[in-house]
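As a plain string of letters, each chain reads:
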Amino acid sequence: MNKIKSSLALMLILIASNCFAQRTEISLNGSWQITKTDISAGLPSNYSSTVPVPGLIDMAKPVLDEPYKGTFVKNLGNGNSSYMYNNSVYWYRRTFSLQNIPAGIIQLKLNKSMFHTRVFVNGKFAGENFYCFTPSYFDIKPFIKSSGGENELVISVGCRNNLPDTICRGDDFEKVLFAPGIYDDVKIIVSGFPHIKNIQTVPDIQNKQLRVVTEIDNNLNNKPFDLNYTIRERNSGKVVSKGILRQNLSGEKNQSTLDFKISLPDCILWSPENPFLYSLELSTNGDRTSAIFGMRSFKSDKEKGVVLLNDKTYYLRGTNVCIFRFFEDSERGNLPWDQKWVARLHSRFKELKWNGIRYCIGFPPERWYEIADSLGLLIQDEFPIWKGGEVKSNPVTSDQLTAEYREWMRERWNHACVVIWDAENESVSDKFAPAINKVRKLDLSDRPWENGWSRPAGDNDVIEAHPYRFYPYYEALSRNKKPVIEDNNVLSLFYKPMIPDNSWLTHSKAADKNEKKYQIGRAHV
């Protein structure tokens, strides 16, 4: 009888453990404590203010930094200096509890934070990340209280001027403030094994199927396991496909990549006119997660000089959104993190008959991409680098760019809205193309890349053309001179649109170096 009771107790424990299999995600968004120290200080003991997460440190109450009251001069330090937020560390603090949750994985994820993120759990250093525009993941399981009591979480962010110049720092020489902060969602991910680390959805509209590539961490266990999949229509919840795959993982490594295809014979294509979305749910006996995707393709047609959406010529009409510049707007407040406001903004773009946006020189919070998916807007996603013409000195290597581009792509590649990877803005350097071509094949949807004013990294990539038709008139006004418009007709500015020189397609690299390619600023007038 005692043996039966022992076996039953063991079975109940196992069942409880396996029931946890369906991943738990705990949002840490909300009000945090915050304080400020100099860069030499250690963990603080007192926290003088509160601040919302996500957000920026300028939202702290009481304020930690008095507003700058002097005169702003653009191009301070060529975009590498700020009038405020220098040589300081900002410490965020809050507590959380995990009550009796069995787990193989307890992971902290910060979608985005800047500049130089460090994490401390219960007073112990749990890790750091210098990257400012891609997610940070930290294994916090070793630091969690086993008793299930309250845990202290402290996250510090530094200032841009203290970030190593070998890391991408968000160059923009028209900005004057670079406020640090945890500017995207924060959560704890709790799961068992096999743990689903990443999903890439690859729509194949010609064969009406979805290719799925997922990374599985099985904790060095080589026993076979089942991977369950379900595809649903996002809005209705209707199941359109489901199945089970039996998988074997090698015990030599704790990670394996599974690659399989799911037939979707009646799939509905995604487009700005019909932003139809699906959800893919994957589960093991230790984890469950999902990804939202749209069945669509996007590529450029080199011969015709157009882009193709779902294999048909498609013309993009839209605007630019420079989120990091909006961060410096005195009336910004909490708007970038107000879901209703962000949805209304994108809806207004649609009302103007626009179908595309360049998220320019920086990435907004992840929720913006989800809204663009749902409303139907094509996003040219631009990495926050703007050097302004030829880069004479840049300590950031191609290998570093490769590493940061890779993290960016892994976070974004399931979004139907993202159709162009934009490596940088209006800069000329031979470091970008090698990095692009090292990561290009990671995106199995093979989206085109854009390489600023540098030579395109691939024959089928798109080019950056910024015809500043009004720039000479702006310069005249800045000198208190009356601008002269040809034919006294402002519409004459659009009679002969500036088209960049495409001769790099046939010229040698050596010939390119001897020619001035990008006369898109003043020379076109």
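Please read these numbers as outputs of a predicted model, since none were measured by experiment.

J.: Would you mind showing me how to read the overall build of the chain here?
T.: Counting its regular elements, the chain contains 8 helices and 27 strands. Scored against the burial criterion, the 525 residues of the chain give a buried share of 50%. For the chain, the share of sequence-separated contacts (at least 6 apart) that also reach a separation of at least 24 residues comes to 71%. Carbon together with sulfur atoms contributes 50% to the accessible area of the chain, which is approximately 25,700 Å² in total.

J.: So what exactly am I meant to see when it comes to the sheet that holds strand β20 (residues 312–314) here?
T.: Strand pairing in a sheet relies on backbone hydrogen bonds, with the paired strands running either antiparallel or parallel. Judged by pairing direction, the sheet is antiparallel, and its 3 strands sit side by side in the order β18-β19-β20 without closing on themselves. With partners counted over all chains shown, the strands left at the sheet margins are β18 (298–301) and β20, one partner each. Direction aside, the axes of adjacent strands within the sheet are offset by 45° on average. Strand direction decides the pairing type here: strand β19 (residues 306–309) and β20, joined by 3 bridges, are antiparallel. Bridge pairing in β20 places V307 opposite Y314.

J.: Explanation requested: the packing of aromatic side chains in the structure shown.
T.: Each pair of aromatic rings is reported with the distance of its centres and the angle of its planes. Counted by the stated rule, this structure contains 27 aromatic pairs. Ring geometry for F383 against Y405: centres 5.2 Å apart, planes inclined by 75°, an arrangement best described as edge-to-face. Of this pair, F383 sits in the loop between β23 (378–382) and β24 (386–390) while Y405 is found in helix α5 (residues 398–412), placing the two residues 22 residues apart along the sequence. When its relative accessible area of 0% is taken as the criterion, Y405 is described as buried. Between Y405 and W449 the ring centres are 5.7 Å apart and the planes differ by 45°, which places this aromatic pair in the tilted class. Here W449 lies in strand β27 (residues 449–450) and Y405 lies in helix α5, a separation of 44 residues in the sequence. Just as Y405 is buried, W449 falls in that class too. Each member of the aromatic cluster is reached from another via a ring pair, and the members are F133, Y183, F324, F327, W337, F363, F383, Y405, W408, W421 and W449. Geometry around F178 places R160 over its ring, the cationic atom sitting 4.1 Å from the centre.

J.: What am I meant to see in the packing of α5 against helix α6 (residues 432–439) here?
T.: Geometry of a packed helix pair, given as the angle between the helix axes and the separation of the axes. α6 packs onto α5 with a crossing angle of 45° between their chain directions and a minimal axis gap of 8 Å. By the angle between their directions, the pair α5 and α6 is classed as oblique. Between α5 and α6 lies a crossing whose hand is right-handed. On α6, the residues that touch S398, D399, L401, T402, Y405, R406 and M409 of α5 are F432, P434, A435, I436, K438 and V439.

J.: How should the sheet that holds strand β8 (residues 136–139) be read in this particular structure?
T.: Spatial strand order, β1-β10-β5-β8: 4 strands in an open sheet with antiparallel pairing. Two strands close off the open sheet at either side, each with one partner strand: β1 (24–27) and β8. Adjacent strand axes in the sheet meet at a mean angle of 20°, parallel and antiparallel pairs treated alike. Relative to strand β10 (residues 186–191), strand β5 (residues 105–110) is paired through 6 bridges, and the arrangement is antiparallel. Looking across to β10, one finds that I106 is bridged to V190.

J.: Quick question: what am I supposed to make of helix α3 (residues 339–351) here?
T.: End to end, α3 covers 18 Å across 13 residues, agreeing with the expected 18 Å (1.5 Å per residue, within 8%). Every buried residue of α3 is listed here: W341, V342, H346 and F349. For α3, the angular spread of buried residues about the axis comes to 130°, placing them on one side. Residues of α3 that are exposed and point over 90 degrees away from its buried face: K340 and E351. Close packing links the buried residues of α3 with β21 (318–321), α2 (323–326), β22 (356–359) and α4 (366–375).

J.: I would appreciate a short explanation of unusual backbone geometry in the present structure.
T.: Excluding glycine, a negative phi dihedral is what most residues carry, and trans is how most peptide bonds are arranged. Residue P54 follows V53 across a cis peptide bond; omega there is 5°. Considering the arrangement of structural elements, one finds P54 in the loop between β3 (49–53) and β4 (88–97). In this model, M114 is joined to F115 through a cis peptide bond whose omega is 5°. Considering the arrangement of structural elements, one finds F115 in the loop between β5 and β6 (117–121). Within the chain, D446 stands out as a residue other than glycine whose phi angle is a positive 55°. In this fold, D446 is placed in the loop between α6 and β27.

J.: When you look at the environment of S393 in this model, what are you seeing that I'm missing?
T.: You can see S393 is positioned in the loop between β24 and α5. Residue S393 is classed as exposed on the basis of its relative accessible area of 61%. With 36 residues separating them along the chain, S393 and S429 place their C-alpha atoms 9.4 Å apart.

J.: Even after reading the chapter, I still don't get the environment of S271, so can you show me in this structure?
T.: By secondary structure assignment, the location of S271 is in the loop between β15 (255–263) and β16 (278–283). C-alpha of S271 to C-alpha of G294: the two residues are 23 residues apart in sequence and 8.4 Å apart in space.

Cut-offs used in this document
- Numbering of residues starts from 1 in every chain and runs along the sequence as written.
- Thresholds applied to this predicted model are a pLDDT of at least 70 for local features of residues and 80 or more for the giving and counting of side-chain atom pairs; totals over whole chains, interfaces and linings are not thresholded and use all residues.
- No hydrogens and no water enter the side-chain calculation; it runs on all heavy atoms of the structure.
- Each helix is a run of DSSP H or I of at least 4 residues and each strand a run of E of at least 2, with the numbering of both proceeding from the N terminus.
- Only protein chains enter the accessibility calculation, which uses a 1.4 Å probe; a residue is then buried when its area is under 20% of its type maximum, exposed when over 50%, and partly exposed in between.
- Contacts were defined at the residue level, with two residues in contact if any of their heavy atoms lie within 4.5 Å.
- Residue burial considers only the protein chains on display, and all accessible areas are found by Shrake-Rupley using a 1.4 Å probe.
- For two strands to be treated as a pair, DSSP must find no fewer than two bridges joining them.
- Convention adopted: a line fitted to C-alpha atoms gives each axis, helices being fitted over their contacting stretch, and angles between N-to-C directions are expressed from 0 to 180 degrees.
- The rule is short: rings of Phe, Tyr and Trp, with Trp giving its six-membered ring, pair when the centres are within 6.5 Å, and they are stacked under 30 degrees, edge-to-face over 60, tilted in between.
- A positively charged side chain is recorded as over a ring if its NZ (Lys) or CZ (Arg) lies within 6 Å of the ring centre. The angle to the ring normal must also be within 35 degrees.
- Comment on the angle field: the value is read as roughly parallel under 35 degrees, roughly antiparallel over 145, roughly perpendicular from 65 to 115, and oblique elsewhere.
- By definition, turning the near helix anticlockwise from the far helix through less than a right angle yields a left-handed crossing, and turning it clockwise yields a right-handed one.
- To estimate the expected span of a helix, count its residues, drop one, and scale the result by 1.5 Å.
- By construction, the arc corresponds to the directions joining the helix axis to the C-beta atoms.

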